[in-house]
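A closer look at the structure
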Amino acid sequence: MSAVKTFANRYGPKFVLLTVTGRLFFSTCILQHFLFDFLTSVACRLLRGKGRAGRICHVLFSRVLQQHLENSYVTAWKPVFCPEEIVKPEDDVQLEERFLQISPNILESFPRFRPPVNLHVWDGELGSVRLLAEAGKRLSEKRQEDVSSHCRAGNLYLDRRDYREYAVHLSQNLGLVLVEQDLNQDEVAEIFYLALHRMLSVFFEQPIAGRLRELQRDLSILCEYIWIDPGRTEFLLKTLDKHYDAATHGVNCTFVGLGVFAMRFRTRLERTNLNHLALGLAVHDMGMSMVPGFIRDKEGILLHKDKESVRRHPDLAMGMLTRLKVTDRIVEQCVMEHHERLDGSGYPKGVRGDALSLPGRLCGLADSFSAGIAERPYHSAGDALEIARQLLQQDSRYDKGMARALLELLKCGYAGCGVKPAT
Ligand SMILES: [Fe+2]
Ligand SMILES: [Fe+2]
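Only a predicted model underlies this, so the values are computations on that prediction, with no experimental measurement involved.

Our focus in this paragraph is the overall build of the protein chain. A tally of regular secondary structure across the protein chain gives 23 helices and 4 strands. Per-residue burial over the protein chain gives 34% buried out of 423 residues. By sequence separation, contacts in the protein chain at least 24 residues apart represent 64% of the contacts at least 6 residues apart.

If you want it as structure tokens, here you go:
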């Protein structure tokens, strides 16, 4: 403030008053930069002429004022001049509905100087929530300290309207969802969806060992999350997307397959390493990336030779797994058997009956279900319950117990509709 006073004493209080008032009124509104620059420019030019001294004066004056006002006035005046920023929750419940508390763990994952989302605090004096730091804007050291101390006091919030950006940030730091208490199960499911979709997209684009490791890391976090409480799979199923692309299909199959496995083999879940199953479900169609694009994207009926090309994708995937040094049996079974059927009508080997492995049956069911609910050029997206019913009726081709578990999970959630769990 001393710099402003010095300037006022030396060059005349009217101009300073004019610029300060302009800054206060417009600091939080769209035209702030234009108006502030215009006013300071006029003031400085009147004071010092149009030369170099005027320009230096303008720059210095702007910097000093901007820094000072950012730190002291903006937060106090903003609610007055931009009333839409004021949020006055009536009680704690309303506060929680609209705002999500940010824990120190999450804050630590943010870039220190530029938070990825707007940060808010509860202001007891105003009786409202006010903006403390804007997304993407550089924070001064003092403001960082403010943010940290509010966070430690449990008084740092995210507006749920900004949730999408927050979810994207967490999906890039997935381990946080295991320790974060304030996220509900729907929110965590969406974060897993975003994370796995991104990981699968980059892996299918370039299936190399480094990207596979990153995918495995995120899948193991998902498995840990399910292992703690298998009932969480019902929330994962709510995120299924009808858009059809390789990554979406991979995520849908992973969520459906793990959900059915958790539902059908509850007691076995505890002693199963889910990681291999999750990887098999996620990458079962990786061989499709080696099928020519014009065949993959072809609309309408495929020619015989095109079908032959598509039917090679399990073998192509096996070659890729070998190059990536993935030798786990469960992953191989998902890749090789997801188009095999119990009656021997599938491909590539026509395996039938008991020879069809459990991961192969599971992946086959998840694959057919995910294909059925997807929007394709030659068929519209099917209703999830209807598709699950149709698969249950085809008990000569699909595992009946698994198909029933899928229908139960979709209809009644993990608690089921009264079917006895398998032992
Ligand atoms: Fe396939
Ligand atoms: Fe598939």
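So, about the sheet that holds strand β2 (residues 119-123). The 4 strands lie next to each other as β1-β4-β2-β3, forming an open sheet whose pairing is antiparallel. Of all strands in the sheet, those bounded by a partner on one side alone are β1 (99-101) and β3 (128-133). Within this sheet the neighbouring strands show an average axis-to-axis angle of 45 degrees, counted without direction. Sheet topology places β1 next to strand β4 (residues 156-159); 3 bridges connect them, and they run antiparallel. Residue pairing in the sheet places L100 in a bridge with L158 of β4. The strands that helix α8 (residues 141-152) touches are β2, β3 and β4; relative to β3, the one it contacts most, it runs at about 135 degrees.

So, on to unusual backbone geometry. Between Y347 and the following residue, P348, the backbone shows a cis peptide bond with an omega angle of 10 degrees. Despite not being glycine, K325 has its phi angle at roughly 60 degrees, a positive value. Checked against the element boundaries, K325 lands in the loop between α19 (313-323) and α20 (329-337). For K325, a count of 8 C-beta atoms within 10 Å corresponds to the exposed category.

Our focus in this paragraph is the packing of helix α11 (residues 185-205) against helix α12 (residues 209-228). In contact at an axis separation of 9 Å, α11 and α12 are set at 160 degrees when each is read in the N-to-C sense. Taken as axis vectors, α11 and α12 run roughly antiparallel relative to one another. In terms of crossing hand, the pair formed by α11 and α12 is left-handed. Residue-level inspection shows F192, A195, L196, M199, L200, V202 and F203 of α11 in contact with α12, the latter providing R211, L212, E214, L215, D218 and L222.

Burial analysis of α20 places 8 of its 9 residues in the buried class, the great majority of the element. Listed in full, the buried residues belonging to α20 are I330, V331, E332, Q333, C334, V335, M336 and E337. Check the buried side of α20 and you find it contacts α16 (274-283), α19 and α21 (358-372).

Right, let's talk about the pairing of β3 for a bit. Across 5 bridges, β2 lies against β3 in antiparallel orientation. Its bridge partner lying in β3, H120 is registered against L131.

Before going further, it helps to spend a moment on the pairing of β2. Most of β2 sits out of view: 4 of its 5 residues are buried. Taking the residues that link successive antiparallel strands as the turn, the β2-β3 hairpin has 4 residues, and the phi of G127 there is positive, at about 65 degrees. Taken together, the 2 bridges between β2 and β4 define a ladder with antiparallel strand orientation. In the strand pairing of β4, H120 is matched with Y157.

Within the element layout of this structure, L139 appears in the loop between β3 and α8. Its 21 C-beta neighbours within 10 Å are what place L139 among the buried residues. Expressed as a C-alpha distance, the spacing of L139 and F113, which sit 26 residues apart in the sequence, is 5.0 Å. Leaving out residues up to four positions away in the same chain, L139 has contacts with F113, A133, Q144 and V147.

Right, let's talk about the nonpolar core for a bit. Counting residues in each nonpolar core, the largest one holds 90 residues, and the members touching the most others are V260, L365 and L406. Looking at this core, you find at least three residues from each of domain 2 (86-161) and domain 3 (185-412). With residues up to four places along the chain from it excluded, the contact list for V260 reads L362, L365, A366, M402, A405, L406 and L409.

Parameters and conventions
- Residues numbered from 1 in each chain as written.
- Chains lettered and ligands numbered in written order.
- Predicted model: local features only at pLDDT ≥ 70, side-chain atom pairs only at ≥ 80, totals over all residues.
- Helix = DSSP H or I, 4+ residues; strand = E, 2+ residues; numbered from the N terminus.
- Buried ≥ 20, exposed ≤ 12 C-beta atoms within 10 Å, placed from the backbone.
- Contact = placed C-beta atoms within 7 Å.
- Pairing = 2+ DSSP bridges.
- Axes fitted to C-alpha atoms, helices over the stretch in contact; angles between N-to-C directions.
- Parallel < 35°, antiparallel > 145°, perpendicular 65-115°, else oblique.
- Left-handed = near helix turned anticlockwise from the far one by under 90°.
- Core = buried A, V, L, I, M, F, W, Y, C linked by C-beta atoms within 7 Å.
- Domains from an automatic or database assignment.

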